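# A closer look at the structure
The primary structure of each chain is shown beneath.
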Amino acid sequence: MGSCDVVIAGLGGQGIVLASRVLMEVALRQGLPVRGAETHGMAQRGGSVLAHVRVGACQSPEVLSGRADLVLALEHHEGIRALPFLGPGGTLVVNAESPELLPLAVRAHLDACGAHLLPVPATRLAQEAGDVKALNMVLVGVACGLPGTPFTLETAATALQALVKPRALTASLAALRLGAARA
Amino acid sequence: MPQAPAARVLPLLGNEAVARGLLEAGCQLAFAYPGTPSSEVLPALVRFAREEGVPLHSAWSANEKVALEAALAAAYCGKRAAVVMKQVGLNVAADPLLSSAYIGVRGGLVVVVADDPGPTSSQTEQDTRQFAYFAKLPVLDPMSPAEARDMAGYAFDLSERFETPVILRTSQRVCHGRQDIALYSPTVLDRPAVFARAPQRWAATPRHRLRLHHALNTRLESIAAELEECPFNRELGSATAGPLGIIAAGPPLALLLDLLAAHRLAGRVPILALGAPHPLPRRLVEGFIARFKRVLVLEEPDQVIELLVGDRSRVRGRHDGTVPSAGVLDAAALTRVLGPLLAEAELIDSPWETGDAIRALVAGLDLPARAPTLCPGCPHRASFFAIQRVGGKKGIYPSDIGCYTLGSSQGAVDTVHDMGASVSMATGFYHAHAHAGGAVPPIFATIGDSTFYHGGLPALADAVTSGARFVLVILDNRITAMTGMQPTLMSGVQPDGSQGPSLDLEATCRGLGVPWLKIVNPYDVIATVQVMRDALAYTRAADGGVAVVIPRQPCVIHQPGQYPRTPVAITDRCNLCGVCLDQFGCPALSRGAARIEVDSIRCIQCGTCIPVCARGAIVPAEEG
């Protein structure tokens, strides 16, 4: 698949912009056109933060509502808030130990529009990887592991070396692989 | 003008793309004041110049007016100069901007102004394109980072050919959008500064200004003629007539193209892209409108194109309520606007699915509100706690523009208006109450160090000389934090990281006639409360006046770890009264079942919450 629209949702300070940069870098290294959008300024102080990554031919940096192939939620409430972006047949990947964390109405909506729900215990996996702050990279790993996305794990591992601070690299790489294994 | 593409393709932020375009077009000097969403332009320009070995003078100016005036003088000398600011910064720079249209420039001058539809980080949703009309200056409105890069070069070209400043108006979604862009090599201009003395132009008297105004009007007509053919004003699609045409510009144009493509309507709706809307290329625009039964105008954040069109009888847009008159024109809003018009034009059978059902479902779930808050360990929080403790419920708390507007949750921010207004409004609050012998409540004004130098200096001079009495708290965290850690004038650090002359905040205040000034470490909450008490007492003493308190502690993001670590624990003395949550509100504290809980991941161990609990339930961890 050469095109893919991703929305990453979470809270200021969770490393959402970096996660989007990694996905964009992966697409770019595979020779695909990329666009994206980031939250800066006031909202970064603990507010809701969204990042968009668009791979393939498009004009706007923003994913159209109801068209995202993938919503990656670093926090489940923020995942629900980003739900209007998710398209039919898309996947909501949410940092959660079990699907029951999401209200029944949300799960019913996902079923009704043929979307998939993939709960991933990302906080726990990041801790296993050696740094809870690598939570963002767990979800990047999931995006790489899911079938049909243009993101490959090996390219992501290379991209991480260029974008992540050296002292965070080991945990980030481990988090990436743990995420990919959960896809 | 740009040479063959260099090998590199980078995913550039829109602001980086603007910087790249400026440098590729030969920018020699750049001046800016930080402000979201414009802040990343100057650092990127400095970075590209360093990487490419291009000599560039760059400065974080004291404010936007100062920045524009410095850039104007450089352009008077034939240099290529740029000035960068956010949209409300242009209000501050309005005075030199309006004059600059009359007097013009010799070297190119590009005024980059970032608008903030939404607004995401601003006081207003003002439209800089309207400012361009008011100032009689040409304006460009890119739809994407790549177009912003291209327009930056065109802006320099236009500026020099017509001897006028040109406004490059970006908007938040372009500024903080990213796109893969192939880099060109920079143009390196070898131009010495040559100031050709011409007092009738550079120092024109009112009589000459009338002549300049006539010349300006003629120049605008010439520019409008050029914009009829400009590559950024172009028709997409080839329909000669029909039920519906759309004129669009900026981010709404990009969204429109994607929406039509997503609904398999690409190329089926005639579109006039208008990236250079002022001076209006009237023949192009009115000729387009005449061919269609209805013409929808999509622009943001306000009306410009539809205001400038002579006959609006066929035009739908903001003026008739077809397009919402406030807020960002996002995909959902655009879907609601387009659906009925496309259906009416029989291009679709029924209006598009708007996604309102899922939005209603999400809205009904009562998700936690995510108001931005000061960071865990932010020194401002401790300062606001101390201020509130002393000023109490009767106090009046004028504040200012920066992270510290978030002090409103602690009841220590009553007004936020514009840069520097905390100081002048404190003066006004004092005189309003003291007028005719009235009682004056405690007045504590709060302003950040960078904002103080931006707009607070004349206000403080005025406060002192007008005999006002209030406490001015200058929150000194050593950095311009909210906009992304730009150095302040006090540090003397230049945009390229080199050390230049610095300013002494205390000496600045004393030089403006402030008789009472104390510096305090806000992490010492008890001492800070005492200093606030002493300051308030001074404002009420027989010979009192303005008291300045400077809580000084580096921003925790800028310089993490510059304090002794004090992990805290909550003892069983906690009765869940909630004072620490309501009056202090550190995000690392939350209400547990039996007592307040400390989030050890978010807590930075500053220990400032310890004295906040009157029951003594927050203690250093080794005692707990």
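Quantities reported herein were computed from a predicted structural model and do not represent experimental measurements. (Residues numbered from 1 in each chain as written. Chains lettered and ligands numbered in written order. Predicted model: local features only at pLDDT ≥ 70, side-chain atom pairs only at ≥ 80, totals over all residues. Heavy atoms only, no water.)

### Details of the overall build of chain B
Using the following cut-off: Only DSSP runs of H or I reaching four residues or more are called helices, and only runs of E reaching two or more are called strands; each is numbered from the N terminus. The atom set for the radius of gyration is the C-alpha atoms, and the globule formula is 2.2 Å times the number of residues raised to the power 0.38. In what follows, a contact means two residues having at least one pair of non-hydrogen atoms within 4.5 Å. Using a 1.4 Å probe, accessible areas were evaluated by the Shrake-Rupley method; residue-level cover was limited to the displayed protein chains. Under this rule, positive means Lys or Arg and negative means Asp or Glu; His and the chain ends count for nothing. For the purpose of locating charges, the reference atoms are NZ of Lys, CZ of Arg, CG of Asp and CD of Glu.
Check the secondary structure of chain B and you find 21 helices and 21 strands. Over its C-alpha atoms chain B spans a radius of gyration of 27 Å, differing by no more than 12% from the 25 Å that the globule rule assigns to 624 residues. Expressed as lengths along the three principal axes of its C-alpha atoms, the size of chain B is roughly 80 × 65 × 60 Å. Sequence-distant contacts in chain B: of pairs separated by 6 or more residues, those separated by 24 or more amount to 76%. Carbon and sulfur atoms make up 54% of the accessible area of chain B, which totals about 23,800 Å². Side chains of chain B carry 55 positive and 58 negative charges; the gap between the two charge centres is 3 Å.

### Section: the sheet that holds strand β13 (residues 315-316) of chain B
Residue and element names in this part refer to chain B. Definition in use: Paired strands, in this sense, are two strands between which DSSP finds at least two bridges. Every axis in this analysis is a line fitted to C-alpha atoms, fitted for helices over the stretch in contact. Angles between the N-to-C directions lie between 0 and 180 degrees.
The five strands are arranged β9-β11-β10-β12-β13 in an open sheet whose pairing can be described as mixed. Edge positions in the open sheet fall to β9 (233-236) and β13, since each of these has one partner strand only. In terms of strand pairing, strand β12 (residues 292-298) meets β13 through two bridges, oriented parallel. For Leu-296, the partnering residue across the bridge sits in β13 and is Arg-316. Its contacts with the sheet put helix α14 (residues 331-344) on β10 (242-248) and β12, and the angle it makes with β12 is roughly 175°.

### With respect to the sheet that holds strand β7 (residues 166-171) of chain B
Residues and elements named next belong to chain B. Strands sit in the order β3-β2-β4-β5-β7-β6 across an open sheet of six strands; the sheet is parallel. Each end of this open sheet is capped by a strand with a single partner; those strands are β3 (57-60) and β6 (139-140). Here strand β5 (residues 109-115) pairs with β7 via six bridges, running parallel. Note that in β7 the partner of Ala-114 across the bridge is Thr-170. Helix α6 (residues 128-135) rests against β5, β6 and β7 of the sheet, and its axis sits at about 165° to β7.

### Points about the packing of aromatic side chains
Residue and element names in this part refer to chain B. This is how it is decided: For Phe, Tyr and Trp, rings pair up if their centres lie within 6.5 Å, where Trp contributes its six-membered ring, and each pair is then called stacked (planes under 30 degrees apart), edge-to-face (over 60) or tilted (otherwise). Summary of the burial criterion: residues with accessible area below 20% of their type's maximum are buried, those above 50% are exposed, and those between are partly exposed, where the area comes from a 1.4 Å probe applied to protein chains only. Think of it as a cone above the ring: NZ of Lys or CZ of Arg counts as a charge over the ring if it is within 6 Å of the ring centre and within 35 degrees of the ring normal.
Counting across every chain of the model gives ten aromatic pairs over all chains. Centroid distance Phe-288 to Phe-292: 4.8 Å. Interplanar angle 50°. Geometry classified as tilted. This pair shows no difference in class: Phe-288 is buried, exactly as Phe-292 is. Clustering of aromatic rings is evident, with ring pairs tying together Tyr-76, Phe-195 and Trp-202. Over the aromatic face of Phe-48 sits the side chain of Arg-20, whose NZ or CZ is 5.0 Å from the ring centroid. The residue whose ring lies beneath Arg-47 is Phe-48, and the NZ or CZ to ring-centre distance is 5.6 Å.

### With respect to the packing of helix α5 (residues 94-103) of chain B against α6 of chain B
Residue and element names in this part refer to chain B. Rules: What sets the label is the angle itself: under 35 degrees gives roughly parallel, over 145 gives roughly antiparallel, 65 to 115 gives roughly perpendicular, and the rest give oblique. In this count, Pro and Cys sit with the nonpolar residues alongside Ala, Val, Leu, Ile, Met, Phe, Trp and Tyr, while Asp, Glu, Lys and Arg are called charged and the others, Gly among them, polar.
Where α5 contacts α6, the axes come no closer than 9 Å and their chain directions differ by 50°. By the angle between their axes, α5 is oblique relative to α6. When α5 is examined against α6, the residues Ala-94, Leu-97, Leu-98 and Ala-101 are found in contact with a partner set consisting of Phe-131, Phe-134 and Ala-135. In the contact of α5 with α6, the residues fall into seven nonpolar, no polar and no charged.

### Side note on the nonpolar core
Nonpolar side chains in soluble globular proteins tend to be buried together. Here is the rule we go by: To define a nonpolar core, start from buried Ala, Val, Leu, Ile, Met, Phe, Trp, Tyr and Cys residues and group those joined through side-chain atoms within 4.5 Å.
Residues Phe-444, Phe-452, Phe-470, Leu-472, Ile-474, Cys-509 and Val-548 of chain B are the most contacted members of the largest nonpolar core, which totals 71 residues. For this core, the element with the most residues is helix α20 (residues 525-540) of chain B, which contributes seven residues. In contact with Phe-444 of chain B, not counting residues within four places along its chain, are Ile-387, Val-390, Gly-391, Ile-396, Tyr-397, Pro-398, Val-471, Val-473, Met-532 and Leu-536 of chain B. The next biggest cluster of nonpolar side chains, apart from the first, holds 46 residues, and it includes Ala-19, Val-55, Cys-144 and Ala-156 of chain A.

All quantities given are derived from atomic positions and should not be read as evidence of function.
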